[in-house]
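For reference, the chains in residue letters:
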Amino acid sequence: VSHREARENEARMEHQSSVAAARGEVDTPGAQEEQQIPTTLPFQTPVRQLYETSIVQITVAGLIFGNFIVEAADKQVIAEEGSRGWQVFYGFEIFFASVFGVELMWNMYG
């Protein structure tokens, strides 16, 4: 076998090996390491399953609707800053912002 034929055979073997590796037919050294990387965070699956239950989704929808009603009432009342009415609406604002912040983190983690 000439030197040229040997190089051609070597190139052909490398090409066949890379094609087989791309198809997943050959066990490449890095493939096993990639398979060991977890695809989910700890408790992510049960957190997601709980978030997707009907009771949680209905509760979140109810909170959104409640926030809409409270904000509509706030815009109708137009309480003066520092008054009792203003304090009540401010309390609702803090409550809904906190609940929706927790809900967002829960949804993102799940």
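Here's what I pulled together on the structure shown here.

Examining the packing of aromatic side chains
Phase 1 of the analysis: Per the counting criterion, the structure on display carries five aromatic pairs.
Phase 2 of the analysis: Ring geometry for Tyr-51 versus Trp-106: centroids 5.3 Å apart, planes at 75°, classification edge-to-face. With Tyr-51 in helix 3 (residues 44-51) and Trp-106 in helix 5 (residues 84-109), the pair connects residues that are 55 residues apart, well separated along the chain.
Phase 3 of the analysis: For Tyr-51, a relative accessible area of 7% translates into the label buried.
Phase 4 of the analysis: Measuring from ring centre to ring centre gives 6.3 Å for Phe-92 and Phe-96, while their planes differ by 20°; the resulting arrangement is stacked. Here Phe-92 pairs with Phe-96, and both are found in helix 5, just four residues apart, close to one helical turn.

Thoughts on the pattern of salt bridges
Once the charged atoms of two side chains with opposite charge are near each other, the side chains can pair.
Phase 1 of the analysis: According to the stated counting rule, one finds two salt bridges in the structure shown.
Phase 2 of the analysis: Measuring nitrogen to oxygen at the nearest pair gives 3.0 Å for the salt bridge that ties Arg-48 to Glu-52.
Phase 3 of the analysis: On the accessibility criterion, Glu-52 (48% relative accessible area) is partly exposed.
Phase 4 of the analysis: Measuring nitrogen to oxygen at the nearest pair gives 3.8 Å for the salt bridge that ties Asp-74 to Lys-75.
Phase 5 of the analysis: Judged by relative accessible area, which is 17%, Asp-74 ranks as buried.
Phase 6 of the analysis: Judged by its relative accessible area of 56%, Lys-75 is exposed.

Structural notes on helix 4 (residues 54-77)
Phase 1 of the analysis: For helix 4, which comprises 24 residues, the first-to-last C-alpha distance of 34 Å matches the rise-based estimate of 34 Å (1.5 Å per residue) to within 8%.
Phase 2 of the analysis: Considered for burial, the residues of helix 4 that qualify are Val-56, Val-60, Gly-66, Val-70 and Asp-74.
Phase 3 of the analysis: Those residues of helix 4 hidden inside the fold are in contact with helix 3 and helix 5.
Phase 4 of the analysis: In the segment just after helix 4, Ile-78 is the residue with positive phi, at about 50°.

Parameters and conventions
Residues numbered from 1 in each chain as written. Predicted model: local features only at pLDDT ≥ 70, side-chain atom pairs only at ≥ 80, totals over all residues. Heavy atoms only, no water. Phe/Tyr/Trp six-rings, centres within 6.5 Å; stacked < 30°, edge-to-face > 60°. Helix = DSSP H or I, 4+ residues; strand = E, 2+ residues; numbered from the N terminus. Buried < 20%, exposed > 50% of the residue type's maximum accessible area, 1.4 Å probe, protein only. Salt bridge = Lys/Arg side-chain N within 4 Å of Asp/Glu carboxyl O. Expected span 1.5 Å × (residues − 1). Contact = heavy atoms within 4.5 Å.

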